[in-house]
Amino acid sequence: MGANTLAEPFIEDFARAESALRAPASPWLHPVRKAAVSRFRESGFPGRRDEEWLYTSVARVLGAGFRSTPAGAPPPAVAAGAVARARLLGAEAPLIVFVNGAFRRELSRLEALPDGVVLESLGAALAAGGGRLEPRFARRLLAEERLGAGAPPRADEAFAALNTALFEDGVLFETAPKRRAERPVEILYLTAGVAQPAAIHPRNLFVIGAESRATLVETYASIDAGAAHLTNALTEVWIEPGASFEHYKIAREGPAAAHVAAQRTRQGARSSYATWFVALGGRVVRNEITLSIEGEECESGLFGIYVATGERHVDNHTLIHHVAPRCHSREIYKGILADRATGVFSGKIHVHQDAQKTDAKQSNDNLLLSDGATANTRPRLEIYADDVRCTHGATVGQLDAAALFYLRSRGLSLAEARELLTRAFADELFLQIESLELRARLEGLVHASLPAAGAP
Amino acid sequence: MADSNRDIEALANREYKYGFVTEIDSETLPRGLNEEIVRAISERKTEPEWLLEWRLKALRHWLGMTEPSWPNVRHPPIDYQDIIYYSAPKQKARLENLDQVDPELLATFEKLGISLEEQKRLSGVAVDAVFDSVSVATTFKDKLAELGIVFCSFSEAVQSHPELVQRYLGSVVPYTDNYFASLNSAVFSDGSFCYIPAGVRCPMELSTYFRINAANTGQFERTLIVAEPNSYVSYLEGCTAPMRDTNQLHAAVVELVALERAQIKYSTVQNWYPGDKDGKGGIYNFVTKRGACRGRGSKISWTQVETGSAITWKYPSCILQGDDSVGEFHSVAVTNHHQQADTGTKMVHIGKNTRSTIISKGISAGRGQNTYRGLVKVQKGAEGARNFSQCDSLLLGDRCGAHTFPYIEVKNPTAKVEHEATTSRIGEDQIFYCNQRGISTEDAVTLIVNGFCKEVLSELPMEFAVEARNLLGISLEGSVG
Amino acid sequence: MLEIKGLKARVEDKEILRGIDLAIRAGEVHALMGPNGSGKSTLANVLAGREDFEVTAGTVTYDGADLLACSPEERARKGIFLAFQYPVEIPGVNNTYFLKAALNALREARGEPELDSVDFLQLVRERVKLVGLDETLLQRPVNAGFSGGEKKRNEIFQMAVLEPRFAILDETDSGLDIDALRSVADGVNRLRSPARAMLVVTHYERLLEYIVPDFVHVLHQGRIVRSGGKELARELEERGYAWLDGASRNGRSAAPAEKSAARKSKG
């Protein structure tokens, strides 16, 4: 079986690393890891017919295979300039840096953290006795509990199970109740000096305390552009009642990198949440967001932009569970695809029976800039409540010929006109960002990644 | 709205009008499926060797397949060895005209509102009636023959036009296509065949009425329509079945071939027995329908009004091979009580400047589950392809579900694909507004539902639009609370 | 024609009508005024049979029969018409088709034959002029995409076609500019007749300059606190409703029965 051949090395990785992964101060953790690896062993990776992995092949993600780096490898040297270049925010913003999955205090900037905000190594927190984290860790979403706890392992959760089994470190981000952190904080996951294809499993836990407010930027980047590595990240987010959280994730790893990530968020009553995914790099990217809206009167926004050139493949997979009534969700994903790149959007809105007065809107628009590019889109609505307003829309097309002509008639070259319209397609989305500074920085980043305007 | 709720329940629980059983002598093969049964079916129909071989290949293929699990429907496992695959009304010899048809049978069709006798006098619609597994009567054959149009039962076509059947059978839906199509290919018993010669515009609606009568019987009919260049045909099928408290399987295959600039308009009013209000009984309607636009500028339109069946699983599709060819899909699907429908279409754009339109209206009431599932695929060479899809759901009640699962795959940058979907319900304020103007709750619901489906109903031929409207009323009225 | 006695109604746990007494005879036009939240629209909707409101006490007699026992459509068929404050949009349902269904339901209830399409269209053409409604709106879905003014005109147009015996106009003036108000009022005035009664619910006196009532009632906190002739409307325009609040503030701590007594003595 192909899937088993792919799975075996990860099971070996676990056997090899098992003793090193034990955190004696957090005795509850190891059984969680063991359970995850056994679920993974049972389910294996998703096959080609798995509806949730319809357009992305696991064989393609894993390529020649990735192995965890043995513990105790010497940390690679990273220049401060390289860190600065990978940052989205200015030098003064609090920063936590990981290189090849390991926390690097000397590259981080944690002294500027405001009171009531925790930004630290999750591994260190667990090693120091993470008992208080247990109730927040590797928990199922309310929506999933309702759909049936103790369900058999599912292949589409294989990567998440692997992360739970194998993660070494990641970020613990917490804001105390009522703490209004106005300035954003930043996380950097870098890879450097990777000799063989390496698998890295970053693990994040974000807890946004009741009535608090926070903004976080998370970037994944490769310092050596050609290095092959797999990032398999898992992020759990708890947004407590009345809290407000803005989360920006940027994936801009090198052209040999594979990036698989799952983000699982629960929203408490009257909370507000905006989560951004900006995919600009990597050979294969698969980003999953599962949002469970568990309290009433929440606001949620899922925004994504993916730019792919060459042979790159970007798969955006989102699932919004409207569990509680009177919530409002907006989802907008935009893809710009050139050369022989493939963009995938698969987004589902699931409105549960009690979630009356749900207002959910979802859209996915794709711009195909070259003959060889492909867009696959699957916006899905699954609705079990009657008093709801749900809409979705999807489009695939090229730049508007009339608009191109108009710009050229005003004196722009074809290339300029194409560039302008392509930027405009992307920029429209950034209007959702309130902070002008963040908006400008993200726009700049995306513009720099857009394919050079070629002939039509 | 206590009063209107009562009205609604009364209406929603209205008896299925076509649920009677006809007492008639049938010749029935034993239950179960194996090579012997397939050979026996083929032998009963004195089929040529090649057709038997084709059936057997399909059977062998089917035996190696597993039932699909991806549709968003749930049902207990089907025991394929417990189904009767062939049941035919006994008749002495081949029929020359309607006078030789068993009067019981004619009376049945009369009851269904399809008067075959009338057909002889009235112009407008030519009917082929399929009872259980065989075609019992086709009207207007002679008049159509003058134009070179062949409209007859499938078995008859096998005898009279074997070359056409051999050429096109399985050319759109191969016997390997899917589980139910393979099953059908092995055991299909009859169906309709229709051939429109080049340049001919068929002057009347061609229509087939399908009726399942016998118990424990599956119905596996096969329809094949071939439209030669520059021809036009409008075809309609209607379906009913008796009320029985066991589920019955209907696995049909429809193949359409439209050649250069030919147009086929295929309309379905499907009202198989949906089961009772507790979900007992009803037809499993697992159907494969596909049309190929093979020439430049050919056009295939599917229009369907699906109110019946316990479970519906069908995706009438268009393969747009010819440049400038056009595919359309207009659908109303209603699920009430415990009905489940997983239906939609596939539009495969292969030729240049091919265009497709999808309008889907799903209505869920009671505990009904209604899923739109549609694929729009633009292949690499399909320069300038266009698709527009609009999928709307109407929810009546809080125990039902409406689901929209489009799949859009685009490999050509000049293509333009747009998909939109909305979900709404009938508000109490709308009902009250109608009530205040003197319109009863049930009429208000019919009014609103018909308004919701207007774009699809207007695609139906006039005489069937009326029938479809009434059907919508009966299936649904007022499951509003 | 209509007699309301001791009518109390609530929505969920909130009592909105707290004992209404009102008698309306054929040919009369009554105006019901009062500040926001006084219960004006509730009364209009209770009379039309809206089930969001629960009648907890009192009677309503219409032509000598118990009105409260009737369903909304039975009331409509007995000739009761409510011009909605917020006319409902019904997407997909053609305005003309809707009106024809309504008229024929009423005619059937009156034992009259259905109107055929030709006669119906003639009637529609004639009445559409009466209210100055843009004829193209007839072919659009009911109220869908209509402006606020168009919706209100459409209500009066429907009234002109359905020819009710007792019409309730619920804030028909709200959202109308002066020209629209005048032409809507014009339409209403043409429908005044000795056989027809009207209850005009409004917050402002403005409408009553055009539709001159025979009687004016002031509703406050669920009760009619004052009744009078058309001059009462002008008085309210000058004094506003603040004096009512003053009256109730004085009585706020008192028991409900005493409160009402206190207010009555002041008004």
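Residues numbered from 1 in each chain as written. Chains lettered and ligands numbered in written order. Predicted model: local features only at pLDDT ≥ 70, side-chain atom pairs only at ≥ 80, totals over all residues. Heavy atoms only, no water.

S.K.: Where do I start with the confidence of the model for chain C in this structure?
M.R.: Keep in mind that low pLDDT regions are not for reading the predicted coordinates in detail. Mean pLDDT over chain C: 85, with 91% of residues reaching 70 or higher. Across the predicted assembly, pTM comes out at 0.82 and ipTM at 0.81. (pLDDT = per-residue confidence, 0-100.)

S.K.: Looking at this model, I keep getting lost on the sheet that holds strand S12 (residues 223–228) of chain C. Mind explaining?
M.R.: Two strands in a sheet stick together by hydrogen bonds in their backbones, pointing the same way (parallel) or opposite ways (antiparallel). Residues and elements named next belong to chain C. Pairing is mixed across the open sheet formed by six strands, whose spatial order is S6-S9-S10-S3-S11-S12. Of all strands in the sheet, those bounded by a partner on one side alone are strand S6 (80–83) and S12. For this sheet the average axis-to-axis angle between neighbouring strands, irrespective of direction, equals 20 degrees. Examined bridge by bridge, strand S3 (residues 29–33) and strand S11 (residues 215–220) share four bridges and lie parallel to one another. (Pairing = 2+ DSSP bridges. Helix = DSSP H or I, 4+ residues; strand = E, 2+ residues; numbered from the N terminus. Axes fitted to C-alpha atoms, helices over the stretch in contact; angles between N-to-C directions.)

S.K.: Before we go on, may I ask you to explain helix H8 (residues 231–239) of chain C in this structure?
M.R.: An α-helical turn contains 3.6 residues, so a residue and the one three or four places further along point in the same direction. All names here are of chain C. Regarding H8, the residues found buried are Leu232, Ala233 and Leu236. Each buried residue of H8 lies within a common arc of 105 degrees when the element is viewed along its axis, so the set occupies one face. Counted as exposed and oriented over 90 degrees from the buried face of H8: Glu231 and Glu238. Looking one or two residues past H8, Gly240 carries a phi angle of roughly 75 degrees, positive in sign. (Buried < 20%, exposed > 50% of the residue type's maximum accessible area, 1.4 Å probe, protein only. Arc of directions from axis to C-beta.)

S.K.: Can you help me understand the interface of chain B and chain C in this one?
M.R.: Tallying the contact residues gives 19 residues for chain B and 33 residues for chain C. Across the chain B to chain C interface the summed buried area is about 2100 Å²; carbon plus sulfur atoms make up 62%. Together, B:Phe432, B:Tyr433 and B:Arg437 form the three largest contributors to the area buried by chain B at its contact with chain C, with a combined 36%. Linking chain B with chain C are one salt bridge. Across the salt bridge formed by C:Glu155 and B:Arg437, the nearest N and O atoms sit 2.6 Å from each other. For the pair chain B and chain C, the interface holds 11 residue pairs in polar contact (both at pLDDT 80 or more). Elements represented by at least two residues in the side of chain B that touches chain C include exactly helix H10 (428–436) and helix H11 (441–457) of chain B. Looking at the side of chain B that touches chain C element by element, the count peaks at eight residues for H10(B). For the side of chain B that touches chain C, the residue count by class is eight nonpolar, seven polar and four charged. (Contact = heavy atoms within 4.5 Å. Buried area = accessible area lost by both parts, 1.4 Å probe. Salt bridge = Lys/Arg side-chain N within 4 Å of Asp/Glu carboxyl O. Polar contact = N/O pair within 3.5 Å; in protein donor to acceptor, adjacent residues only side chain to side chain. Nonpolar A, V, L, I, M, F, W, Y, C, P; charged D, E, K, R; others polar.)

S.K.: Please explain the interface of chain A and chain B as it appears in this structure.
M.R.: Between chain A and chain B, the residue contacts involve 36 residues of the former and 33 residues of the latter. Inspection of the region where chain A meets chain B yields two salt bridges. Close ionic contact of A:Asp386 with B:Arg425 constitutes a salt bridge, the shortest N to O distance being 3.6 Å. Here chain A is connected to chain B by 15 residue pairs in polar contact (both at pLDDT 80 or more). Counting residues per element, the side of chain A that touches chain B draws most heavily on strand S20 (residues 374–383) of chain A, at 10 residues. Among the residues making up the side of chain A that touches chain B, the classes are represented as 14 nonpolar, 13 polar and nine charged. As paired elements, S20(A) and strand S23 (residues 401–410) of chain B share six bridges and run antiparallel to each other.

S.K.: Looking at this structure, I do not really get unusual backbone geometry. What am I missing?
M.R.: Residues apart from glycine generally show negative phi values, whereas peptide bonds are mostly found in trans. Backbone geometry places A:Arg270, a non-glycine residue, at a positive phi of 55 degrees. Note on placement: A:Arg270 falls in the loop between strand S12 (258–267) and strand S13 (272–279). Residue classification places A:Arg270 among the partly exposed residues on the basis of a relative accessible area of 49%. At C:Asn143, a residue that is not glycine, the phi angle is positive and equals roughly 60 degrees. Tracing the backbone shows C:Asn143 in the loop between strand S8 (141–142) and helix H5 (148–162).

S.K.: Explain the sheet that holds strand S2 (residues 14–24) of chain C here, please?
M.R.: Residues and elements named next belong to chain C. Taken together, four strands build an open sheet; the order of strands is S2-S1-S4-S5 and the sheet is antiparallel. Looking at which strands have only one partner, the edges of the open sheet turn out to be S2 and strand S5 (65–66). Inspection of the sheet shows strand S1 (residues 2–11) paired to S2 by eight bridges, in the antiparallel sense. Across the sheet, residue Leu7 finds its bridge partner in S2, namely Ile20. Each of S1, S2 and strand S4 (54–62) is contacted by helix H1 (residues 40–48), which is oriented at about 110 degrees to S1, the strand it contacts most.

S.K.: What am I meant to see in the environment of C:Met159 here?
M.R.: Residues and elements named next belong to chain C. By secondary structure assignment, the location of Met159 is in helix H5. You can call Met159 buried: its relative accessible area is 0%. The sequence separation of Met159 and Ile80 amounts to 79 residues, and the corresponding C-alpha distance is 9.9 Å.

S.K.: How do you make sense of the packing of helix H3 (residues 49–63) of chain B against helix H9 (residues 179–187) of chain B when you look at a structure like this?
M.R.: Angle between the axes and distance between the axes are the two parameters that describe a pair of packed helices. Residues and elements named next belong to chain B. Running from N to C, H3 and H9 cross one another at 145 degrees; their axes reach a closest spacing of 7 Å. As H3 packs across H9, the resulting crossing turns out to be left-handed. Seen from H3, the contacting residues are Trp54, Arg55, Ala58, Leu59, His61 and Trp62; seen from H9, they are Tyr179, Ser182, Leu183, Ser185, Ala186 and Val187. (Left-handed = near helix turned anticlockwise from the far one by under 90°.)

S.K.: What's the story with the packing of aromatic side chains in this structure? I'm lost.
M.R.: The geometry of an aromatic ring pair comes down to the distance between the two centres and the angle between the two planes. Applying the stated criterion to the full structure yields 34 aromatic pairs over all chains. Judged by centre distance (5.2 Å) and plane angle (85 degrees), the rings of B:Tyr179 and B:Phe180 are edge-to-face. Judged by relative accessible area, which is 3%, B:Phe180 ranks as buried. Geometry around A:Trp238 places A:Arg266 over its ring, the cationic atom sitting 3.9 Å from the centre. Against the face of B:Tyr433 rests B:Arg437, its NZ or CZ located 4.8 Å from the ring centre. (Phe/Tyr/Trp six-rings, centres within 6.5 Å; stacked < 30°, edge-to-face > 60°. Lys NZ or Arg CZ within 6 Å of the ring centre and 35° of its normal.)

S.K.: How do you make sense of the pairing of strand S21 (residues 369–378) of chain B when you look at a structure like this?
M.R.: Each regular strand carries side chains that alternate between the two faces of the sheet. Residue and element names in this part refer to chain B. Most of S21 sits out of view: nine of its 10 residues are buried. Both strand S18 (residues 340–343) and S21 contribute to a ladder of four bridges, which runs parallel. The partner of Ala341 across the bridge, within S21, is Asn370. The pairing of strand S19 (residues 346–349) with S21 spans four bridges and is classified as parallel. When the bridges of S21 are listed, Met347 appears paired with Val376. Summarising the sheet, S21 and S23 pair through 10 bridges and their orientation is parallel. Following the sheet pairing, Gln369 is matched in S23 by Gly401.

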